[in-house]
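Residue strings, one per chain:
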Amino acid sequence: MLIEGTDPFATAKPDARLIKLLIRARRFNASIIDSDGVPFAALAKRQGVSPSYFTRLVRLSYLAPDITQAILDGRQPRDLTAHKLLAHSRLPLTWHEQRRVLGFA
């Protein structure tokens, strides 16, 4: 049975904080690729963040493409906030497990 208006993945609009995290994650990842072996701590310092935060954000650049797209479209689970996404500092590498942990499955 489908009751209209109860889609657990529906939100009013994309979450700007989540999108900002994804953009920063991609930017931080690009800085690693272009770094020629510069240590994470130095890259984090260049970005003005702690090494721990830098590492957590870089991991978000490896989210499953459908999770990333859902966040960009505002179709993430209602309880998935920027804070909650950052709290998952050890996200699984497998996309199936990412979906399960973040509430997409």
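Presented here is a report on the structure given in the accompanying data block. The structure presented is a predicted model; accordingly, all values stated were derived computationally and were not measured.

## Thoughts on the overall build of the chain
Phase 1 of the analysis: Each helix and strand counted, the chain has six helices and zero strands in total.
Phase 2 of the analysis: Mapped from its N terminus to its C terminus, the chain presents α and β elements in the order α-α-α-α-α-α.
Phase 3 of the analysis: For the chain, the proportion of its 105 residues judged to be buried stands at 34%.
Phase 4 of the analysis: Taking contacts inside the chain between residues at least 6 apart in sequence as the whole, the part at least 24 apart equals 73%.

## Here we look at the pattern of salt bridges
Phase 1 of the analysis: As enumerated under the stated definition, the model contains four salt bridges in all.
Phase 2 of the analysis: With its nearest N and O atoms 3.2 Å apart, the salt bridge here joins Asp-73 to Arg-75.
Phase 3 of the analysis: Its relative accessible area of 39% is what places Asp-73 among the partly exposed residues.
Phase 4 of the analysis: On the accessibility criterion, Arg-75 (43% relative accessible area) is partly exposed.

## Things to note about the packing of helix H1 (residues 16–33) against helix H4 (residues 65–73)
Phase 1 of the analysis: It is at 9 Å that the axes of H1 and H4 come closest, and there the two elements cross at 135 degrees. Classified by the angle their axes make, H1 and H4 are oblique. Relative to H4, H1 is oriented so that their crossing is left-handed. Residues Leu-18, Ile-19, Leu-22 and Arg-26 of H1 form the contact with H4, whose own contacting residues are Thr-68, Ile-71 and Leu-72.
Phase 2 of the analysis: Class assignment of the residues belonging to the contact of H1 with H4 gives a composition of five nonpolar, one polar and one charged.

## Quick look at the side chain of Thr-68
Phase 1 of the analysis: Mapped onto the secondary structure, Thr-68 falls in helix H4.
Phase 2 of the analysis: For Thr-68, a relative accessible area of 12% gives the class buried.
Phase 3 of the analysis: Ignoring anything within four residues of it in the chain, the contact list for Thr-68 reads Leu-22, Arg-26 and Leu-63.

## Concerning the environment of His-96
Phase 1 of the analysis: Relative to the helices and strands, His-96 resides in helix H6 (residues 95–102).
Phase 2 of the analysis: Using a relative accessible area of 53% as the deciding quantity, one classes His-96 as exposed.

## A closer look at the nonpolar core
Phase 1 of the analysis: Judged by nonpolar contacts, the single largest core of 26 residues is most densely connected at Leu-60, Ile-71 and Leu-102.
Phase 2 of the analysis: It is H1 that contributes the most residues to this core, six residues altogether.
Phase 3 of the analysis: Each residue touching Leu-102, except ones within four places of it in the same chain, is listed here: Leu-63, Ile-67, Pro-77, Leu-80, Leu-85, His-88 and Leu-91.

Cut-offs and rules
Position labels on residues start from 1 in each chain and follow its written sequence. Where local features are concerned, this predicted model is filtered to residues with pLDDT of at least 70; where side-chain atom pairs are given and counted, the filter is 80 or more; whole-chain, interface and lining totals use all residues. To obtain the side-chain values, all non-hydrogen atoms of the structure were used and water was disregarded. The helix and strand labels rest on DSSP assignments: H or I over at least four residues marks a helix, E over at least two residues marks a strand, and numbering proceeds from the N terminus. The buried label goes to any residue with under 20% of its type's maximum accessible area, the exposed label to any with over 50%, and the partly exposed label to all in between, with areas taken from a 1.4 Å probe on protein chains only. Whether two residues are in contact is decided by their heavy atoms, any of which lying within 4.5 Å being enough. When a carboxyl oxygen of Asp or Glu lies within 4 Å of a side-chain nitrogen of Lys or Arg, that pair is called a salt bridge. To obtain each axis, a line is fitted to C-alpha atoms, and for helices this fit is confined to the stretch in contact; angles are then taken between N-to-C directions over 0 to 180 degrees. Between 65 and 115 degrees an angle is taken as roughly perpendicular, under 35 as roughly parallel, over 145 as roughly antiparallel, and anywhere else as oblique. Left-handed describes a crossing in which the near helix is turned anticlockwise from the far one by less than a right angle; the clockwise case is right-handed. Each residue gets one of three labels, nonpolar for Ala, Val, Leu, Ile, Met, Phe, Trp, Tyr, Cys and Pro, charged for Asp, Glu, Lys and Arg, and polar for the others, Gly among them. As used in this record, nonpolar core signifies buried Ala, Val, Leu, Ile, Met, Phe, Trp, Tyr and Cys residues forming a set joined through side-chain atoms within 4.5 Å.

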